[in-house]
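This is what each chain is made of:
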Amino acid sequence: MKIWCCPCFTVEDEPEEEEGKEAMKEGDFVNKVNSEGVMANEEEEEEVVPRLELAASDGGGRDRDRDRDDHLRMFEGMVQAMRSGTHWDESVCVGALDTLRAAIRSPRWSEGETSSAPVAAAAEEEDGDHDSHHKRAKVHSFSHDFHYAMAMSSGAGDSSSSDRDYSRTQGSNVLYKSETFFHSFTPNIGGEENPYESGSGKDDERDKGDTSTTEDFEVRMDLTDDLLHMVFSFLDHINLCRAAIVCRQWRAASAHEDFWRCLNFENRNISVEQFEDICLRYPNATELNISGTPAIPLLVMTAIRSLRNLEVLTLGKGTIGDLFFHSLADCQMLKSLIVNDATLGTGIQEIPINHDRLRHLELTKCRVMRISIRCPQLETLSMKRSNMAQAVLNSPLLRDLDLGSCHKLSDAAIRSAATSCPQLESLDMSNCSCVSDETLREIALTCANLHVLNASYCPNVSLESVRLPMLTVLKLHSCEGITSASMVAISNSYMLEVLELDNCSLLTSVILDLPRLQNIRLVHCRKFADLNLRTLMLSSIMVSNCPVLHRISITSNSLQKLSLQKQESLTTLALQCPSLQEVDLTDCESLTNSICNVFSDGGGCPMLKTLVLENCESLTAVRFCSTSLVSLSLVGCRGITSLELTCPYLEQVSLDGCDHLESAAFFPVGLRSLNLGICPKLNALSIDAPNMVLLELKGCGVLSEASINCPLLTSLDASFCSQLRDDCLSATAASCPLIESLILMSCPSVGSDGLYSLRWLPNLIVLDLSYTFLMSLKPVFESCIKLKVLKLQACKYLSDSSLEPLYKEGALPALQELDLSYGTLCQSAIEELLSFCTQLTHVSLNGCVNMHDLNWGSSGGQPLVKSSISVPSLEYVHEPVEYGNRLLQNLNCVGCPNIRKVHIPVAAGCFHLTSLNLSLSANLKDVEVACFNLCFLNLSNCYSLEVLKLDCPKLTSLFLQSCNMDEAAVEAAISKCSMLETLDVRFCPKICPLSMGRLRAACPSLKRIFSSLSPQS
């Protein structure tokens, strides 16, 4: 096999006046491709990269370009032919390569390269001068496309090719003059050394008989300045520094001032000399963060002197002397100053902050005695958690003032600071315990545009005679002075949108008529008892943990979701909310039956879709009539005895925990499924559900009257409905003709009349009559022609001849699964059933006390298949040979106490048997199984097992827990199970867990062996 690696170059025409001005320069990186195809950077030593520099002159340059283009076109034609699958003779390929190589090394091109050298040098010098003033670092750009085509050929004169194209375009829309990148490499042909490749391009030989060399080639991956600048713009300073050590090109690009306008040295150990060097290098930086640095006073003064364009300055975690504040005016472009957790000056003197352009000032957790601020352009000021005693403000344009947690500020100081800002729109004085109503009244008179007020944790605030008409947000958390009388002042704020009254311990009632109120919070109000809201725009309400709240009245056109959880005393709820869709009243234990009128048609919630009334234990008789309700949850409502739902679009109802429900009526409802099995006292049921497909009545032991009209019902589970009679079953079968699965387990009241009515169910395929008192199966054989699954567990009144129609008269021809577990059928009836019901795929005989042996190989017991055809040994059987039409796949004989021997030879014809379960058969001693497709065999807890012979080549799982077998017997048993993966020998007293190696040697396919943790003696 020979590999052709052919480079194809697309040379774009350049304007004549641009030709020959600049030759390609060697890049900073040389990528080397080794014989395994791994790209490596040559960093330690630089190699001379073969370059092709094209220069064009007025006359001969054009001729040379035409010759060059001719050679390239010939190369492109060869590659296109190889791509299309055209046959190319090897000599033609070699000749084309030789011609191109000779053309490249021809004197004419050498002259062009030589003549272009001075021009290239001049161009390089010119670019160097230009780049010193250019805004970005000089980067070579190569935007020519190159295609890499690979053709595979085998044999001389006969080749087939499969090629993969790699097209890469590097660069931006702007090209540097006419820089051209020529990438040349030459393939090896026939394992011979290429006469044109350089000596350094050879790879070492790997094999003496098959030697091949791979030529190294260099790939230039330079980026344009725009592209490299864009890539570096996503890096932080640390990664920019890492990129700078890659090469000179990246170092220059990473040092661009665009990336260093924001200098962040927070919590870094930077020296003054290093900082001065950085400031000199990037004098145009606009943001600086030196919070947590060891020499903040020196660094900040250096910044003020060097960074004249600084706009944002962040300091903190140290001491800032008064010299900084006196020099602050020298930083004329400063717009934002942030000082966090710092001591200003000596801590006992007045600190002046004077600046004509400062717009944002933040002094958080600062320690200072007095502060004077004169900033005519200041708009936002935060002094949160600072321990100053006095603040003098002269900022007429200030709009946002935060004095939160300034505990040492007196009431007069706060009043003076706030009233000196007539344009104030937002004021936060939370946790200022000395604030009084008099201060709020003066602020209301002075600051007419105040929109946001946070007076939380101010115990002296009661809002008496306070008028704030433009207020939109009011937060009064834990204000002990707020009472019901305060609502008069709040009601005057007709523009109010957000109101928060959490933990107002003396508040007893809230009566508000605010047209713009959108959000209200009332959490942990211990004495709050009455809520009356009338607001058209209310969209969110949060009322929680108000233990004495007993009445709520809400009128709103915008409210869509209402959550009133854990309101234990709530008894009355009045809603006029036409847009309300979700209501959650979980754990409202005092709600009475009158709540049903609120959420029914005409109750004020015409759009309600979801209603949650979980754990509302005072509800006894629930009746809803709603054309909009979709989901209803009554989980944990233990007091409900009667339920009546007339909700045609109701799709989901949850009744878990409704233990005392006695009567239920659903007419009509849109339910697709309903589970009433958790209502053990239900005795009367009426359902009219045109869309219902699944109904579970499991455990409704006293249900005696049931009217079920569900024309689409496919599954009905009436297990343990001991009072369900034949007339009820007949009516259900007549009104639900599409039932496919019917479970009547432990329904002793169902008799022959009810079973004969099953003829109205033509699609019935699953029928469970387990634990019933049936004495005859004739109604089932005559009515259920399409039955596929029949379960008759513990039907002890069935006689031995009751199943004869199955194997003598051909009853139930579609039957596939039969469960006769814990029955009283005799051994002969079981053997006849297994012998002649060839269509059965799953048979369960668990706990059959009359079953003694499962011996299908002796003449005494009836074999499953009687055939004169000689059956070959399984050693030579690679595909199952099908005898008859026996389809048995799964046989369960769990817990059969009298079974002693199981013998299933090849002649039994169980070629489809895949699973055999004989566990818990305590007297089982001898097991001989030869089944080609058997995959699963369970003999766990067969304590008497002594003989185990297996010829099951596809067996994958074998369970022998607690079996009294020794290692030799197990080893012999698994030796013919070539696909066994899982073996369980836990609690086998004669098998030592330390000798698992013998078992693995006997069956190499084993992946998992489960054994006891400690060795057995």
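Scroll up for the structure.
For the structure given in this document, a descriptive report is provided here. (Residues numbered from 1 in each chain as written. Predicted model: local features only at pLDDT ≥ 70, side-chain atom pairs only at ≥ 80, totals over all residues. Heavy atoms only, no water.)

### Describing the overall build of the chain
Part 1 of the argument: When you go through the chain residue by residue, the secondary structure sums to 20 helices and 53 strands.
Part 2 of the argument: Per-residue burial for the chain yields a buried fraction of 48% across its 1017 residues.
Part 3 of the argument: Surface summary for the chain: the accessible area is close to 46,800 Å², and the carbon and sulfur share equals 50%. (Helix = DSSP H or I, 4+ residues; strand = E, 2+ residues; numbered from the N terminus. Buried < 20%, exposed > 50% of the residue type's maximum accessible area, 1.4 Å probe, protein only. Areas by Shrake-Rupley, 256 points an atom, 1.4 Å probe, with all protein chains shown as cover.)

### With respect to the sheet that holds strand β33 (residues 663–669)
Part 1 of the argument: If you walk across this open sheet you meet the 5 strands as β29-β31-β33-β35-β37, and the pairing is parallel. Edge positions in the sheet fall to β29 (621–625) and β37 (705–709), since each of these pairs with one other strand and no more. Strand-to-strand, the axes of this sheet are offset by a mean angle of 5°, without reference to chain direction.
Part 2 of the argument: Pairing of β33 with strand β35 (residues 684–688) involves 4 bridges; the strand directions are parallel. Of the residues in β35, the one forming a bridge with Ala 664 is Leu 685. (Pairing = 2+ DSSP bridges. Axes fitted to C-alpha atoms, helices over the stretch in contact; angles between N-to-C directions.)

### Quick word on helix α8 (residues 296–306)
Part 1 of the argument: Listed as buried for α8 are Ile 296, Leu 299, Val 300, Met 301, Thr 302, Ala 303 and Ile 304.
Part 2 of the argument: Packed against the buried residues of α8 are α7 (272–281), β7 (287–289), β8 (312–320) and α9 (322–327). (Contact = heavy atoms within 4.5 Å.)

### With respect to unusual backbone geometry
Part 1 of the argument: The amide bond that connects Phe 667 to the next residue, Pro 668, takes the cis arrangement and shows omega of -25°.
Part 2 of the argument: A positive phi angle, close to 60°, is found at Ser 465, a residue other than glycine.
Part 3 of the argument: Tracing the backbone shows Ser 465 in the loop between β17 (452–454) and β18 (473–475).
Part 4 of the argument: Take Ser 465: its relative accessible area is 48%, and that puts it in the partly exposed class.
Part 5 of the argument: Phi at Ser 962 takes a positive value of approximately 60°, unusual for a residue other than glycine.
Part 6 of the argument: With respect to the helices, strands and loops of the structure, Ser 962 is situated in the loop between β51 (957–959) and α19 (967–974).
Part 7 of the argument: With relative accessibility at 17%, the residue Ser 962 sits in the buried group.

### Quick look at helix α5 (residues 237–244)
Part 1 of the argument: Those residues of α5 lying buried are Leu 240, Ala 243 and Ala 244. Buried residues of α5, viewed axially, fall in a sector of 105°; they line one side.
Part 2 of the argument: Against α4 (225–232) and α6 (248–254) lie the buried residues of α5. (Arc of directions from axis to C-beta.)

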